[in-house]
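Listed here are the chains, written in short residue letters.
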Amino acid sequence: MSITSEVQWSELARDPKSVAAIADQHEVRVKRRDGADLVLVRADHHAYRHSGAVTAARAMRALFRHAGPDAVADALLDEFPWVSVLPKSDRAEFVQEFVQAIAVSAELGQWSVLAQVVHEWSNTAIVHADPDLHRALSGPTNGDFGPVPNPMEM
């Protein structure tokens, strides 16, 4: 866990050298009234974090290759207990997508990729955990249900 100091936007504008001195020691959260907070961090520290994330992702991928999807799925149960309700074939697919999403997220520095995979698979687990919902979503459909809204606009 890293140490974070907080400063107001006005303090950064008024005395950037003192805020930069704090950022030399650890990250600084810049609080703003008119927008989301910003985080000021030294570029070399950011590069170390990125490099560490990529290294961890590559190690995870290597572990997956050596341990196999069943062992990885069992290990992920500690963090994601809902994995236990997924059918075995879905567990293997989740593990594969999870490991791939870690690699992509680390390489791109976009952890929303991993968050999306976890979100989608947890919703899949919800369907498998509810027999009525699973039956309703797995069975045949009859008729036209009308136009499908664009998911990008929802």
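For the structure itself, consult the block above.
Residues numbered from 1 in each chain as written. Predicted model: local features only at pLDDT ≥ 70, side-chain atom pairs only at ≥ 80, totals over all residues. Heavy atoms only, no water.

What about the overall build of the chain?
Secondary structure assignment for the chain yields seven helices and three strands. The C-alpha atoms of the chain give 22 Å as radius of gyration, which overshoots the globular expectation for 154 residues (15 Å, by more than 25%). Across its three principal directions, the C-alpha atoms of the chain cover 65 × 45 × 20 Å. Relative to its 154 residues, the chain shows a buried fraction of 23%. For the chain, restricting intrachain contacts to residue pairs at least 6 apart in sequence, the fraction spanning at least 24 positions comes to 38%. A total of about 10900 Å² of accessible surface is found on the chain, and carbon and sulfur atoms cover 57% of it. In the chain, the 14 positive side-chain charges and the 21 negative ones have mean positions that sit 8 Å from each other. (Helix = DSSP H or I, 4+ residues; strand = E, 2+ residues; numbered from the N terminus. Rg over C-alpha atoms; globule rule 2.2 N^0.38 Å. Buried < 20%, exposed > 50% of the residue type's maximum accessible area, 1.4 Å probe, protein only. Contact = heavy atoms within 4.5 Å. Areas by Shrake-Rupley, 256 points an atom, 1.4 Å probe, with all protein chains shown as cover. Lys, Arg positive; Asp, Glu negative; His and termini not counted. Charge placed at Lys NZ, Arg CZ, Asp CG, Glu CD.)

Some points on the packing of aromatic side chains
For any pair of aromatic rings, the description rests on two quantities: the centre-to-centre distance and the angle between the ring planes. As enumerated under the stated definition, the model contains six aromatic pairs in all. Consider the rings of F94 and F98, whose centres lie 5.5 Å apart with planes at 40 degrees: the pair is tilted. Of the two residues, F94 and F98 both sit in helix 5 (residues 88-108), four residues apart, roughly one turn of that helix. Considered together, F94 and F98 belong to a single accessibility category, that of buried residues. Ring centres 5.9 Å apart and planes at 65 degrees place the aromatic pair F94 and W121 in the edge-to-face group. With a gap of 27 residues between them, F94 in helix 5 and W121 in helix 6 (residues 112-129) connect regions that are remote in the sequence. (Phe/Tyr/Trp six-rings, centres within 6.5 Å; stacked < 30°, edge-to-face > 60°.)

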